[in-house]
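# Coordinates in review
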Amino acid sequence: MCSLVTEPKDMLPYISLMLPEVKKVLADPIPEVRAVAARALGSLIRGMGEENFPDLVPWLLETLKSDNSNVERSGAAQGLSEVLAALGREHFELVLPDILRNCSHQKASVRDGHLTLFKYFPRSLGPTFQNYLPRVLPAILDGLADENESVRDAALSAGHVLVEHYATTSLPLLLPAVEDGIFNDNWRIRQSSVELLGDLLFKVAGTSGKAILEGGSDDEGASTEAQGRAIIDVLGREKRNEVLAAVYMVRSDVSLTVRQAALHVWKTIVANTPKTLKEIMPVLMNTLISSLASASSERRQVAGRALGELVRKLGERVLPSIIPILAQGLQDSNGSRRQGVCIGLSEVMASAGKHQLVTFMGDLIPTIRTALCDSVSEVREAAGLAFSTLYKSAGMQAIDEIVPTLLHALEDEETSATALDGLKQILSVRTAAVLPHILPKLVHPPLSAFNAHALGALADVAGPGLDSHLGTVLPPLIEAMGNDDQEVATLAKKAAETVVMVIDEEGLYSLIAELLKSLGDTQASVRRGSAYLSGFFFKNSKLDLLDESPNLVTTLIVMLTDPDSATVQSSWEALGCVIGSLPKDILPTYVKVVRDAVSTARDKERRKRKGGPILIPGFCLPKALQPVLPVFLQGLMSGSAELREQAAEGLGELIDVTSENALRPFVVPITGPLIRIIGDRFPWQVKSAILSTLGILISKGGIALKPFLPQLQTTFIKCLQDNTRVVRSSSALALGKLSALSTRVDPLVNDLLSNLQVASEIGVKEAILVALQGVSKYAGKSITASVINRVLVVLQDLVQSEDDQIRSSAARAMGIVSQYVEDTELASLLHALSVPASSESLAVRHGTILALSSVFRHGASHVCGSSAFPTVVDCLKSRLNDDKVPVRETATKALGCLLVYQAQSHYSGTYNFSELLPFLSSSLRDDASDVRRRALGGLKSVAKQVNAITVISYLPTLGPAIAECLRDASTPVRLAAERCALHVFQLTKGMENVQAAQKYITGLDARRIAKQPELSDSSEDDMVGA
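Now for a look at the structure at hand.

Here we come to the overall build of the protein chain. The secondary structure content of the protein chain amounts to 53 helices and 0 strands. Within the span of the protein chain, comprising 1026 residues, buried residues form 55% of the whole. A separation of at least 24 residues holds for 71% of the contacts in the protein chain among residues at least 6 apart in sequence. Accessible area of the protein chain: about 44,400 Å², with a carbon and sulfur share of 51%.

What follows is the structure, encoded as structure tokens:
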């Protein structure tokens, strides 16, 4: 009825009634009904013009976007296609951009409706629509990959219609688009493209493509020779080969549905598979090689599987064709294709049997060898994988014919870089087999800059494979790190860093053994390099190194005494890295390790220095204690009581071997924790250790401890009251040293005197007296006269104490204080000590002579110049004849001190050397062995201070007495007599003295004593130091 319209005005009255009904019919469930309604709309538009239906096209476009049902959208699409056909080409071209844009709309229903349009355009527009295929096909292919199934169905349906209508007329337009889709990354597009390609080929071949192919061999398909010729006639042989190559490749697709679709197409259009493959082989290989070099991993995988299947199924029938093609492909100028050739070789060798490949080794090995030196890194990487596959078949033949060539190429500047990368590639896949052939060549001395670089590069690839070759690789690199050529040294260092970082847990033991071995090398540069490498490894490694750390810590600390200063610096830095790598919570367990190592280093340094202060060079560097201090501080703050004691003692030992300048920045961080811990309730052992360390710190730290002066002073005074003797003694000594830093000493002395007077325990009194000695010794000049007088008053009482220790301590303190009193006060003091009381007890006699002995020792010059000196000498003579041995022994000691001073100063006043020496000589025949031994010690000290002529003049008096002592029944006396004879007879000064001494002692004794070392006297027997 619509088609019969001749005059538009005849129909105008009925449009409003008829159009709604036609729209309803467009949504009918029956496709044929919808088709009639669509044609009716086209006829109406064509007959009556667009102006009479102003809302029709907008309504159809809106319905295309409807969410209701795909039936409505399909009807609207069919209707719109007819309407646009009626409106003409210009109108269609105006609407087409919107249609294409909506094909990628975010709503699935919109995409579905607009893609469905393309299903109807070929029927409504006819041949005209083929002009728009280049613009339409991409939208359809995108729709094939849509996540929504209805959209995919719409796109595929449209594709089928396009193929159906334009397979013969627009083949050049359709085929490229479908071919591209076959290699798309999305498997849905690949599946749909294969199906569409099948439709095209079926159409060209004149077959329905609906044959059911089940099982059977690939060799035979359902096609005929005639159909094959038909395809060649239409497509041309070259294009037909390209299409079949693509179909054959996707028969091995990763997606099952794609594989099934491709297999169906192949079997439908190929009559004889082996024959066809032989015909398309060059093109097929070209396709596979291109795909193997593709950026898409799936495409590479598909090509590899296809090539592998080709070799597995046809084997010897295709290998003679495939391998030459692959070998020739390596001459291609395109690097990606050369990469594809290498991947293809891997697949071929992996799929073929060993016996099949034997024939082709002459082609395979040179090809892979060439590829390993290719200028493109991706090609070399693929060649490395091919080498690995070749090695499985050829074994050592592959290594023997490839590796030497690459090593030789390393010597050529032009090829060295690519050859090195080739070696890296084969090493990455066959480390264990290839390394033994490469390393000897590279480590051969002298190590060049390039070889060092090569070792680093190969180590990065070999990884844990180097575990068993560390003994070969590491020593040459460490040695080269000290090379005079800066480039060699830098590259060797970088290579060595790489080597140590690629080692895994299995190679850890070997690595540490090599590092320790090099740390003990005779060359300083090797020790230095190994130290650096140790630090680098511990700083950067992710391995568990706790078991290896103690050895390194010990060795590196001992190396801080190295004679080479640069090695000391490297060892110190490495030590910081090793200890820095340890978790904080386990640092206390390293206290003993570090302490023992410091002790070993100190002993080593002592043997080198042979006298003088012992300082470890590594602990004299700036920030010297930074590596090891955390160990002791952590042990001190968080360890057990025993560990805290060890940490405190170790800290003291560490400070002792550290220079004052290096110690200064660490005084505050060390002192704070020590004070905090000593104030807590810890066992006496901990307190004793801390006090000892504080004493050393005061001696070394000096003025840097000024901020802690009040706290330390309070702490030490408190510790003087401790129940343990060791704690009291340590605090007393430390307090004495501390007083040197104080500007106001009087309050401290007064505190000590007050505590001394109220103290009830002998041990506490003794400790306070020792502290008083120290304060007087280190800060005596700062004590005012009034306080000194008060001290002397207290000490005069205490030297008469019934307790031996109190008497001795008080006497020593009095001797030190006497240096700082005025002459009149000194005379009064000497007079008080020398004039006997009517009823002197042993304690009084002993105490006063002890005090005089101490005064002689510390201020003999003042005594000799004092008006009380004659009285003192008379007292001394009297005490030499006392009935008690302790008094006589102390008097002998005092006389020795006096004579030593007179000998040193050449004193010539009253009671001089000549007058007093006989009294000391007479003590040599005293009944008490202690007195005789003390007299011998005094004579020895005197003989060491006077010249040989002075001594000779007294030999008639001294000689017989000394000779008697050499035969004394007491061993200590005999030993003292030998030391005395050595100096009195000057036995070390020549054989004439030995002969002269034989006038008094036997020749045997003289020669024997002469062999003794001159400087081995103990301070106990030396009057100067007693």
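Now that the structure has been shown, we can carry on.
Mapped onto the elements of the fold, Q339 is located in helix α17 (residues 335–351). Apart from the residues lying within four places of it in its own chain, the contact partners of Q339 are A293, E378, V379 and A382.

This paragraph deals with a negative patch on the surface. A cluster of acidic side chains, namely E505, E506, D544 and D547, defines a negative patch on the protein surface. Here D544 lies in the loop between α28 (524–540) and α29 (549–558). D544 sits in the exposed class, given a relative accessible area of 53%.

The next thing to look at is the nonpolar core. Grouped together as the largest cluster of nonpolar side chains are 211 residues, with contacts concentrated most on L466, F619 and I670. Within the second largest apolar cluster, 119 residues are counted, among which are I45, L196, L310 and I343.

This paragraph deals with the environment of K1011. Mapping K1011 onto the fold places it in the segment after α53 (1003–1010). Residue classification places K1011 among the exposed positions, given a relative accessible area of 73%. Each C-alpha atom, one on K1011 and one on T988, is 7.6 Å from the other, the two residues being 23 residues apart in sequence.

Attention shifts here to the packing of aromatic side chains. Taken as a whole and judged by the stated rule, the model has 4 aromatic pairs. With a centroid separation of 5.9 Å and 15° between ring planes, the pair formed by F985 and Y1000 is classed as stacked. Of this pair, F985 sits in the loop between α51 (971–984) and α52 (991–997) while Y1000 is found in the loop between α52 and α53, placing the two residues 15 residues apart along the sequence. We note that F985, like Y1000, is buried. Of note, R299 hangs over the ring of F183, and the distance from its end group to the ring centre comes to 4.4 Å. Over the aromatic face of Y532 sits the side chain of K493, whose NZ or CZ is 4.5 Å from the ring centroid.

Next up on the list: the environment of S296. Relative to the helices and strands, S296 resides in the loop between α14 (273–292) and α15 (297–314). Among the residues examined, S296 registers a relative accessible area of 13% and is labelled buried. C-alpha of S296 to C-alpha of N184: the two residues are 112 residues apart in sequence and 9.1 Å apart in space.

This part takes up helix α3 (residues 56–64). Side chains of residues three or four places apart in an α-helix project in the same direction, reflecting 3.6 residues per turn. Inspection of α3 places L56, V57, L60, T63 and L64 among the buried residues, and these make up the whole buried set. Mapping the buried residues of α3 onto a view down its axis gives an arc of 125°, with all of them on the same face.

Two elements in contact, helix α38 (residues 725–739) and helix α40 (residues 762–779), have axes whose closest approach is 7 Å; the angle formed by their N-to-C orientations is 20°. Between α38 and α40, the angle falls in the class roughly parallel. Handedness of the crossing formed by α38 with α40: right-handed. Residues R725, R728, A732, L733, L735, G736, K737 and S739 of α38 lie in contact with α40, whose contacting residues are G763, V764, E766, A767, V770, A771, G774, V775, Y778 and A779. Of the residues in the contact of α38 with α40, the class split is 10 nonpolar, 4 polar and 4 charged.

What follows covers the side chain of R888. In this structure, R888 sits in helix α46 (residues 885–905). Under the relative-accessibility criterion, R888 is labelled buried at 11%. Here D926 takes part through its side chain, which lies 2.9 Å from a polar atom of the side chain of R888. Dropping the residues within four chain positions of it, R888 is found in contact with R879, L880, N881, D882, D883, D926, A928 and V931.

Next up on the list: unusual backbone geometry. A positive phi is found at K623, a non-glycine position, where the angle reads about 55°. By secondary structure assignment, the location of K623 is in the loop between α31 (591–609) and α32 (629–638). Look at K623 and you get exposed, because its relative accessible area is 52%.

So, about the pattern of salt bridges. By the definition in use, this model includes 24 salt bridges. The salt bridge involving R845 is made with D883; its shortest N-O contact spans 3.4 Å. Of this pair, R845 sits in helix α44 (residues 842–864) while D883 sits in the loop between α45 (869–880) and α46, placing them 38 residues apart in sequence. Each member of the salt-bridge network shares a partner with another, and the members are R190, D253 and E298.

How each quantity is defined
Residues numbered from 1 in each chain as written. Predicted model: local features only at pLDDT ≥ 70, side-chain atom pairs only at ≥ 80, totals over all residues. Heavy atoms only, no water. Helix = DSSP H or I, 4+ residues; strand = E, 2+ residues; numbered from the N terminus. Buried < 20%, exposed > 50% of the residue type's maximum accessible area, 1.4 Å probe, protein only. Contact = heavy atoms within 4.5 Å. Areas by Shrake-Rupley, 256 points an atom, 1.4 Å probe, with all protein chains shown as cover. Patch = residues over 30% accessible without salt bridge, like charges linked within 9 Å, V, L, I, M, F, W, Y side chains within 5 Å. Salt bridge = Lys/Arg side-chain N within 4 Å of Asp/Glu carboxyl O. Lys, Arg positive; Asp, Glu negative; His and termini not counted. Charge placed at Lys NZ, Arg CZ, Asp CG, Glu CD. Core = buried A, V, L, I, M, F, W, Y, C linked by side-chain atoms within 4.5 Å. Phe/Tyr/Trp six-rings, centres within 6.5 Å; stacked < 30°, edge-to-face > 60°. Lys NZ or Arg CZ within 6 Å of the ring centre and 35° of its normal. Arc of directions from axis to C-beta. Axes fitted to C-alpha atoms, helices over the stretch in contact; angles between N-to-C directions. Parallel < 35°, antiparallel > 145°, perpendicular 65-115°, else oblique. Left-handed = near helix turned anticlockwise from the far one by under 90°. Nonpolar A, V, L, I, M, F, W, Y, C, P; charged D, E, K, R; others polar. Polar contact = N/O pair within 3.5 Å; in protein donor to acceptor, adjacent residues only side chain to side chain.

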